[in-house]
Amino acid sequence: MSAAVGAERPQVVSHVQQALSYTVFDCKWVPRSARLLCLGSAARGTGIVQLYELHGARLELLREIEKPKPIKCGTFGATSLQQRYLATGDFDGNLNIWNLEAPEIPVYSVKGHKEIINSIDGVGGLGIGEGAPEIVTGSRDGTVKVWDPRQNDTPVANMEPVQGESKRDCWTVAFGNAYNQEERVVCAGYDNGDIKLFDLKTMSLRWETNIKNGVCSVEFDRKDINMNKLVATSLEGKFHVFDMRTQHPTKGFASVSEKAQKSTIWQVRHLPQNRDVFMTSGGSGSLHLWKYEYPAQRSRKDSEGCEMGVAGSVSLLQNVTLSTQPISSLDWSPDKKGLCVCGAFDQTVRVLIVTKLNKV
């Protein structure tokens, strides 16, 4: 691991801090706007959605909505840029889709899971990725389900443990490979270190591995291209970058792992404008900015003549400690390069500016 050269290194600047009166579990930029959302749980056990607008060096609260159940996660990924509907997963296993202009009643609602929805992702919306708009949810009940909001209460895909297999808590889900109308995959990470890649075209398990520690976050570097890279973060402060271009019949995908810190890496988010740069957020209240370097050749033939992938390397561009509590959520602005929001368990949301990203 090498560090970037001093003067040219990106800096992570805390631009605005906003204290919250509740526990924030997720924060999201509203696409094509200077607005952001905070989702979480009030002390009395209800769900909170707050909509803020960034005005220079301050955040103005535009709207606060209270819901019956605490809200764990949200995504705009399956909606059009015109509508910008927010899909949320709550502690009771409900998947709801909200029109933020009229948030009293959800535009779509389904009791998706028996237990808390830990993670949600969307694809086919916002002009990103080919194919139908779909939402994937991962739950403590051990199932991963894919929903098409245009259809009623039944998931279009349901990945659950086979008979006799113990159910594992699914902590994280992500879409990928949505580069044409037919192809699409879902990656899921579980509390026992399992990572599973489900192919939605063939409705089969395409690949699985185990990283020996609970998988907190998975994300493809891009959803709308041929699978390229996948980052998975874990409880023990390690993350793994898998090169998803070449799948070996027995060895699977090549990977490189990096020990970022001693505590849990809660989330990974790739820079929308550069898929080789990503940020991880940690249990120690820190953020680490990384860059992936490709090897000279991304694949080679093994002794049997089968193609196998070759992993690259990872370098640390910058790190900063912002909080005494874990930073549990992170989201880059899709529109302004280097603009980022993060939420921490110190009940604070922070807007960050990362400089010099055009130099890396």
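Because the structure is a prediction, the values reported are computed rather than measured.

1. Examining the overall build of the protein chain
So, point 1. The secondary structure content of the protein chain amounts to 0 helices and 30 strands.
So, point 2. Taking the principal axes of its C-alpha atoms as reference, the protein chain extends roughly 60 × 55 × 35 Å.
So, point 3. Counting only residues that meet the buried cut, the protein chain has 57% of its 360 residues in that class.
So, point 4. Sequence separation of at least 24 residues holds for 50% of the intrachain contacts in the protein chain that already meet a minimum separation of 6.
So, point 5. On the protein chain, roughly 15,000 Å² of surface is accessible, and the fraction owed to carbon and sulfur atoms is 46%.
So, point 6. With 42 positive and 40 negative side-chain charges, the protein chain shows a spacing of 4 Å between the two charge centroids.

2. Observations regarding the pattern of salt bridges
So, point 1. Inspection of the entire model under this criterion finds 19 salt bridges.
So, point 2. For Lys359, the salt bridge identified is with Glu8, shortest N-O distance 3.4 Å. Note that Lys359 is positioned in the segment after strand 30 (348–354) and Glu8 in the segment before strand 1 (12–19), a separation of 351 residues in sequence.
So, point 3. Overall, Lys359 belongs to the exposed group, its relative accessible area being 51%.
So, point 4. Assessed through its relative accessible area of 40%, Glu8 is described here as partly exposed.
So, point 5. Put simply, Glu53 and Arg35 hold a salt bridge, and the shortest N to O gap is 3.2 Å. One end of the pair, Glu53, is in strand 4 (residues 47–55); the other, Arg35, is in strand 3 (residues 35–41), with 18 residues separating them in the sequence.
So, point 6. The class for Arg35 is partly exposed, based on a relative accessible area of 28%.
So, point 7. When salt bridges with common partners are traced through the structure, they connect Asp221, Lys229 and Asp276 into a single cluster.

3. Section: the side chain of Ser281
So, point 1. Examined against the element boundaries, Ser281 turns out to sit in strand 23 (residues 274–282).
So, point 2. Overall, Ser281 belongs to the buried group, its relative accessible area being 1%.
So, point 3. Polar contacts involving the side chain of Ser281 include one to the main-chain carbonyl oxygen of Ile327, which spans 2.8 Å.
So, point 4. Non-local contacts of Ser281, meaning those with residues more than four positions away in its chain, are made with Thr264, Ile265, Trp266, Gln267, Ser286, Leu287, Ile327 and Leu330.

4. Comments concerning the sheet that holds strand 7 (residues 86–90)
So, point 1. Within the open sheet, the 4 strands sit side by side as 6-7-8-9. Their pairing is antiparallel. Two strands bound the open sheet, and with one partner strand each, they are strand 6 (71–75) and strand 9 (108–111). Recorded for the sheet is a direction-independent mean angle of 20 degrees between the axes of neighbouring strands.
So, point 2. Pairing analysis gives 4 bridges linking strand 6 to strand 7, with the strands arranged antiparallel. Its bridge partner being in strand 7, Thr75 is matched across the sheet by Ala87.

5. Re empty space enclosed by the protein
So, point 1. For the structure shown, the criterion picks out 1 cavity of 30 Å³ or more.
So, point 2. If you add up the space inside the largest cavity, you get close to 30 Å³.
So, point 3. Lining the largest cavity, in full, are Val49, Ile65, Lys67, Leu86, Trp98, Leu100 and Pro103.
So, point 4. Considering only residue class, the lining of the largest cavity consists of 6 nonpolar, no polar and 1 charged.

6. Quick notes on the UniProt feature "repeat: WD" (unreviewed entry) in the protein chain
So, point 1. In the numbering adopted here, UniProt assigns the feature "repeat: WD" (unreviewed entry) to residues 135–157.
So, point 2. For residues 135–157, the helix share is 0%, the strand share is 43%, and the end-to-end C-alpha distance is 10 Å.

7. Section: the state of the cysteines
So, point 1. For the structure shown, the criterion picks out 0 disulfides.
So, point 2. Between Cys27, a free cysteine, and Cys38, which holds the nearest cysteine sulfur, the sulfur-to-sulfur gap is 5.8 Å.
So, point 3. On the basis of relative accessible area, Cys27 is assigned to the buried category, the value being 0%.
So, point 4. With no disulfide of its own, Cys187 lies closest to Cys170 among cysteine sulfurs, the gap being 9.3 Å.

8. Examining the environment of Thr209
So, point 1. Tracing the backbone through its elements, the reader meets Thr209 in strand 17 (residues 204–210).
So, point 2. The exposure class assigned to Thr209 is partly exposed, which follows from its relative accessible area of 26%.
So, point 3. Spatially, the C-alpha atom of Thr209 lies 8.2 Å from that of Gly193, the residues being 16 residues apart in sequence.

What counts, and at which threshold
- Residues numbered from 1 in each chain as written.
- Predicted model: local features only at pLDDT ≥ 70, side-chain atom pairs only at ≥ 80, totals over all residues.
- Heavy atoms only, no water.
- Helix = DSSP H or I, 4+ residues; strand = E, 2+ residues; numbered from the N terminus.
- Buried < 20%, exposed > 50% of the residue type's maximum accessible area, 1.4 Å probe, protein only.
- Contact = heavy atoms within 4.5 Å.
- Areas by Shrake-Rupley, 256 points an atom, 1.4 Å probe, with all protein chains shown as cover.
- Lys, Arg positive; Asp, Glu negative; His and termini not counted.
- Charge placed at Lys NZ, Arg CZ, Asp CG, Glu CD.
- Salt bridge = Lys/Arg side-chain N within 4 Å of Asp/Glu carboxyl O.
- Polar contact = N/O pair within 3.5 Å; in protein donor to acceptor, adjacent residues only side chain to side chain.
- Pairing = 2+ DSSP bridges.
- Axes fitted to C-alpha atoms, helices over the stretch in contact; angles between N-to-C directions.
- 1 Å grid on protein atoms, 1.4 Å probe; cavity = no way out; pocket = protein on both sides within 12 Å on 5 of 7 lines; lining within 4 Å.
- Points joined across faces, edges and corners; volume = space filled by probe spheres on them.
- Nonpolar A, V, L, I, M, F, W, Y, C, P; charged D, E, K, R; others polar.
- UniProt positions renumbered as here; feature names shortened; annotations may be inferred.
- Disulfide = S-S within 2.5 Å.

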